[in-house]
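# Secondary and tertiary structure notes
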Amino acid sequence: MTIESEARRAWDELPAEELGITQRAVRTMIEMVAARGAAAQLVVLRHGRVLLDRSFGAPRDVPFLLFSAGKPLTAVLVHQLAEQGLLSLDAPVAQYWPDFEKNYKQDITVRQVLQHRSGLPYAKSLYRDALLAPDWNRSVRALAAARPHHAPGRLPAYHTLSYGFLLGELVQRVTGRPLRDVLHERVLRPLGLRDTHLSAPPRRMPMRGASGGPRALQWAANRRIAGRAVIPAATISSTARDLAVFYQALLGTGLLSADSIAGACTPSANGEVDRVLGNRIRWSEGFQLGGNENDPERARPMGRLSSRRAFGHNGSNACLGWADPDRDLVLVYLTNRLEGSPEGSPYQCELSDTLLAGCH
């Protein structure tokens with residue numbers, strides 16, 4: 001058997017009942033994604049084995065832009081460095097990046113950045129950060145010169161773009177190497193993720209807006225300059241297979257020790273309203289968490305039925321990846337469809353809940 005045929009066999013779908021999922025749930029998920037009429041990839045793993053590996057209007061090896069669903073990759077690098085004693089999560093960021101202490105930021109810790117609690121969700125405004133984003137050096141200098149918008153540690157405020165620049169620059173300062181090289185050496189190569197890229201690969205699915213969709217976001221996502229740029233919180237691209245392998249590794253100890261994974265998934269916000277997003281997110285130190293307390297009726301990407309220990313990340317209500325340790329389950333859904341309303345989040349919620357309701 002050739003290596004190529006062996007790789008294909010590894011992704012063969014297994015019978016749903018063999019993996020403890022109802023066939024009805026599987027059929028409904030496939031119908032939901034097909035009916036949406038957008039390019040998409042859908043992968044579900046149970047007990048590390050393939051339940052679903054489907055592609056809709058896109059080859060399986062062509063990456064999709066992850067938006068914020070790529071944030072956990074950079075966060076995992078920081079946890080790896082902490083695990084190896086190369087940095088401390090409770091140390092000030094300025095200990096590793098001296099210029100960062102300007103304008104009352106000397107006490108902001110690495111952990112607070114991971115938790116979206118640094119007080120620095122943007123430099124001056126999200127709009128200005130977006131304009132600077134294609135230029136790494138200007139973005140980093142702006143954050144180093146910025147003043148916190150509220151007291152560090154006091155409340156969660158989603159670091160839409162600053163998250164990747166703050167953590168990415170930290171990784172570069174600690175390792176003395178480009179973020180691209182560190183990500184490849186510590187995550188992509190060990191897991192065999194050949195279709196995951198820090199910036200746009202030679203081919204990637206172009207984003208498409210639904211009727212009334214966000215034209216500005218679609219335009220920015222498809223710009224050539226944005227494609228070449230390194231914007232870790234927004235422009236990582238991957239396939240559903242690669243992202244599923246990443247989450248499966250986090251269910252074990254393929255990337256982090258059990259203690260480090262537990263630390264990364266420790267809740268840092270429970271019931272607080274995020275200052276930027278305006279709703280309640282169960283944040284941890286690099287992930288969004290499952291569970292439906294405090295606002296049980298609100299649609300959540302990981303599902304209303306998600307367990308409190310589920311962890312993952314949504315990306316602009318288009319892309320989603322999560323893992324559930326209690327059910328030994330991984331779901332990744334990637335699409336190029338951008339919504340002009342919050343419709344994407346209820347859709348992701350329904351997709352996740354369809355799977356969760358079918359588990360036994």
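Everything below is about the structure shown above.
Our subject in this report is the structure included herewith. (Residues numbered from 1 in each chain as written. Predicted model: local features only at pLDDT ≥ 70, side-chain atom pairs only at ≥ 80, totals over all residues. Heavy atoms only, no water.)

### Focus: the packing of aromatic side chains
Scanning the entire structure with this criterion turns up 8 aromatic pairs. Summarising the aromatic geometry, the rings of Trp 97 and Phe 100 are spaced 5.1 Å apart at their centres and angled 35 degrees between planes, so their arrangement reads as tilted. No difference in accessibility class separates Trp 97 from Phe 100, as the two residues are buried. Joined through ring pairs, the aromatic side chains of Phe 246, Tyr 247, Phe 287 and Phe 311 make up one cluster. Directly above the ring of Tyr 347 sits Arg 36, whose terminal nitrogen or CZ lies 3.9 Å from the centroid. (Phe/Tyr/Trp six-rings, centres within 6.5 Å; stacked < 30°, edge-to-face > 60°. Buried < 20%, exposed > 50% of the residue type's maximum accessible area, 1.4 Å probe, protein only. Lys NZ or Arg CZ within 6 Å of the ring centre and 35° of its normal.)

### Some details on the sheet that holds strand S2 (residues 49-56)
Remark on secondary structure: sheet strands pair via backbone hydrogen bonds, oriented parallel or antiparallel. Taken together, the 6 strands give an open sheet; going across it, the order is S2-S1-S9-S8-S7-S6, and neighbouring strands pair in antiparallel fashion. Of all strands in the sheet, those bounded by a partner on one side alone are S2 and strand S6 (288-289). Relative to strand S9 (residues 329-335), strand S1 (residues 40-46) runs antiparallel, the two being bridged by 7 bridges. Bridge pairing in S9 links Leu 45 to Val 330. Contacts between helix H11 (residues 240-251) and the sheet are confined to S1, S2, strand S7 (311-315), strand S8 (319-324) and S9, with S9 contributing the most and set at about 155 degrees to the helix. (Pairing = 2+ DSSP bridges. Helix = DSSP H or I, 4+ residues; strand = E, 2+ residues; numbered from the N terminus. Contact = heavy atoms within 4.5 Å. Axes fitted to C-alpha atoms, helices over the stretch in contact; angles between N-to-C directions.)

### Considerations on empty space enclosed by the protein
Applying the stated criterion to the full structure yields 1 cavity of 30 Å³ or more. By volume, the largest cavity amounts to about 60 Å³. Lining the largest cavity, in full, are Ala 123, Asp 129, Leu 132, Ser 139, Ala 142, Leu 143, Leu 161, Ser 162 and Phe 165. When contributions to the lining of the largest cavity are tallied by element, the ones reaching two or more residues are helix H5 (126-132), helix H6 (136-145) and helix H7 (162-175). Its residues assigned to classes, the lining of the largest cavity comprises 6 nonpolar, 2 polar and 1 charged. (1 Å grid on protein atoms, 1.4 Å probe; cavity = no way out; pocket = protein on both sides within 12 Å on 5 of 7 lines; lining within 4 Å. Points joined across faces, edges and corners; volume = space filled by probe spheres on them. Nonpolar A, V, L, I, M, F, W, Y, C, P; charged D, E, K, R; others polar.)

### Some remarks on the nonpolar core
Counting 83 residues, the largest nonpolar core has Val 78, Val 110, Phe 246, Tyr 247 and Leu 250 as the members making the most contacts within it. In terms of residue count, the dominant contributor to this core is H11 (7 residues). Val 33, Leu 42, Tyr 347 and Leu 355 belong to the second largest nonpolar core, which has 27 residues in total. (Core = buried A, V, L, I, M, F, W, Y, C linked by side-chain atoms within 4.5 Å.)

### Digging into helix H8 (residues 179-191)
End to end, H8 covers 17 Å across 13 residues, agreeing with the expected 18 Å (1.5 Å per residue, within 8%). Among the residues making up H8, those that are buried are Leu 179, Val 182, Leu 183, Arg 186, Val 187 and Leu 188. Elements in contact with the buried residues of H8: helix H3 (71-83), H6, H7 and H11. Looking one or two residues past H8, Gly 192 carries a phi angle of roughly 70 degrees, positive in sign. (Expected span 1.5 Å × (residues − 1).)

### Brief notes about the environment of Gln 112
Along the chain, the position of Gln 112 falls in helix H4 (residues 110-114). Distance from Gln 112 to Pro 15, taken between C-alpha atoms, is 43 Å for residues 97 residues apart in sequence. Excluding residues within four positions of it along the chain, Gln 112 makes contact with Asp 107, Arg 117, Ser 118, Pro 152 and Gly 153.

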